[in-house]
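Next come the chains, spelled out residue by residue.
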Amino acid sequence: MNTQLKVCFFSNECLEQLKKEQYSLQDIKILTELGHRVTIATSFDEIPLGCDLYFSWWASGSILPLIKARLSRKPIIVVAGGNEAVLYQDSLTGTPLGYLAAPWYKKLATRLTLRFADKILIVSQFMDKNVKALGAKDPLLVPNSVDIHLFCPGSAKRQFVTSIFNLDEDVVRIKRGEIFIRAIPQVLKHFPDTRFLIIGRKGNAFERMAGLASELGITSSLDFLGNIENSQVAQWMQSSLAYVQISDTETFGVAIAEAMSCATPVVVSRRGAIPDLVGDCGIYVEDHNVPDSVAEGICKAITLSINGDLVLGLKLRDRIQQHFSFEARKMKVEILIRTLTKTPE
């Protein structure tokens, strides 16, 4: 019988945003399904003292529950899942980003957290050398997961080429959102009836991106869906001819994994953790900074979808089932919690 623990789950995102983050929701669900009493906190004042375990997302913000964990003399697990723990420079401009672009106090918080947390989890092998360089000792690889029962092949007609990114300038830059939009006219030359879809918050780059679509003459072919709940993403993945994510860096790539689990061909860059996730199942673009190269990859994916390449679909889904399922992450987290809290099976 599992021992019930009092666990604080922390993220410095606001509660509304947290509810939209699949990676946070996966771990709250894991902790709950393991039978623990979970308290969710998003600020220092909300973090209770005296928990049996603290479980926190993001390296810099985790300095807050680290303080409470040390005062309580209880262990803390930190998921260093973002670019703030990555020594990253833009491949095109050389601009320092991630940890390198953070203010000094966030850099300090990140280093203190990585050094003094009881266990650092990384979500991809790509992150290993980065967090070690910033002070983490023996980080544990526990990849993010996909709900393979929700994200599964569907019966809907596949008609969209989909990408997911918030329309904020910094996100558009990293995700190469403008390159994606500029690739669309080239694809339409070969597949004129194709519809394109961008899912994500309409932030400070929305007007510029909508203006670019108008300038390129593709407004009738491109829809900006806005922000949606993660549970609704599956239906769009199931309705997609291809999913495109040509990011300049990724620490994992949850949306790519969700598309793969739906047997949807993925068009991706060879940057960050994406090759770790996709393996030999994806359609890699030769140069993710060049619209023509991206368009070529999209055309290849559309052709495969139209021809009903079942072998590829099975290969995509099988990779997620074998390596990135919710059950696999849950098992690793359970073993780690038992080890840290010295609780029996």
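### Some details on the side chain of S325
Here comes step 1: Considering the arrangement of structural elements, one finds S325 in the loop between helix 13 (310-323) and helix 14 (326-341).
Here comes step 2: For S325, a relative accessible area of 8% translates into the label buried.
Here comes step 3: Within the structure, the side chain of S325 is placed 3.1 Å from the backbone nitrogen of A328, a separation counted as a polar contact.
Here comes step 4: Setting aside residues up to four positions removed in sequence, S325 forms contacts with S145, V146 and I320.

### Describing the nonpolar core
Here comes step 1: With 80 residues, the main nonpolar core has F55, I256, V266 and V278 as its most contacted residues.
Here comes step 2: For this core, the element with the highest residue contribution is helix 10 (residues 254-261), accounting for six residues.
Here comes step 3: Aside from chain neighbours lying at most four places away, what touches I256 is Y243, Q245, V266, V268, I274, L277 and V278.
Here comes step 4: One finds V161, F165, L212 and A301 within the second-largest nonpolar core, a separate group that totals 35 residues.

### Some points on the sheet that holds strand 13 (residues 266-268)
Here comes step 1: Within the open sheet, the six strands sit side by side as 11-10-9-12-13-14. Their pairing is parallel. Of all the strands in the sheet, just strand 11 (222-226) and strand 14 (283-284) have a single pairing partner and so form its edges.
Here comes step 2: For strand 9 (residues 160-164) and strand 12 (residues 240-245), the ladder comprises three bridges, and the chain directions are parallel. Its bridge partner lying in strand 12, T162 is registered against Y243.
Here comes step 3: Where helix 7 (residues 177-190) meets the sheet, it contacts strand 9, strand 10 (195-199), strand 11 and strand 12, and its direction lies at approximately 165 degrees from that of strand 10.
Here comes step 4: Seen against the sheet, helix 12 (residues 291-306) touches strand 9, strand 10, strand 12, strand 13 and strand 14 and runs at an angle of roughly 155 degrees to strand 12.

### Some remarks on the packing of aromatic side chains
Geometry of an aromatic ring pair is reported as the spacing of the ring centres plus the angle between the planes.
Here comes step 1: Under the defined criterion, the tally for this structure stands at nine aromatic pairs.
Here comes step 2: Plain terms: the ring middles of Y23 and W58 are 5.4 Å apart, the flat faces sit at 85 degrees to each other, and that makes the pair edge-to-face. Taken as a pair, Y23 in helix 2 (residues 22-33) and W58 in the loop between strand 3 (53-57) and helix 3 (63-72) lie far apart in primary sequence, 35 residues in all.
Here comes step 3: When the ring of F252 is compared with that of F324, the centres are 5.6 Å apart and the planes differ by 70 degrees; the resulting orientation is edge-to-face. Taken together, the residues span a long stretch of sequence, with F252 in the loop between strand 12 and helix 10 and F324 in the loop between helix 13 and helix 14 at a distance of 72 residues. Summarising the burial analysis for this pair, F252 and F324 share the class buried.
Here comes step 4: Site record: aromatic cluster; members linked through ring pairs are Y23, W57 and W58.
Here comes step 5: Between K29 and the ring centre of F326, over which it is positioned, the NZ or CZ distance is 4.9 Å.
Here comes step 6: Just above the ring of Y284 sits the side chain of R270; from NZ or CZ to the centre is 3.9 Å.

Definitions and limits used
Residues numbered from 1 in each chain as written. Predicted model: local features only at pLDDT ≥ 70, side-chain atom pairs only at ≥ 80, totals over all residues. Heavy atoms only, no water. Helix = DSSP H or I, 4+ residues; strand = E, 2+ residues; numbered from the N terminus. Buried < 20%, exposed > 50% of the residue type's maximum accessible area, 1.4 Å probe, protein only. Polar contact = N/O pair within 3.5 Å; in protein donor to acceptor, adjacent residues only side chain to side chain. Contact = heavy atoms within 4.5 Å. Core = buried A, V, L, I, M, F, W, Y, C linked by side-chain atoms within 4.5 Å. Pairing = 2+ DSSP bridges. Axes fitted to C-alpha atoms, helices over the stretch in contact; angles between N-to-C directions. Phe/Tyr/Trp six-rings, centres within 6.5 Å; stacked < 30°, edge-to-face > 60°. Lys NZ or Arg CZ within 6 Å of the ring centre and 35° of its normal.

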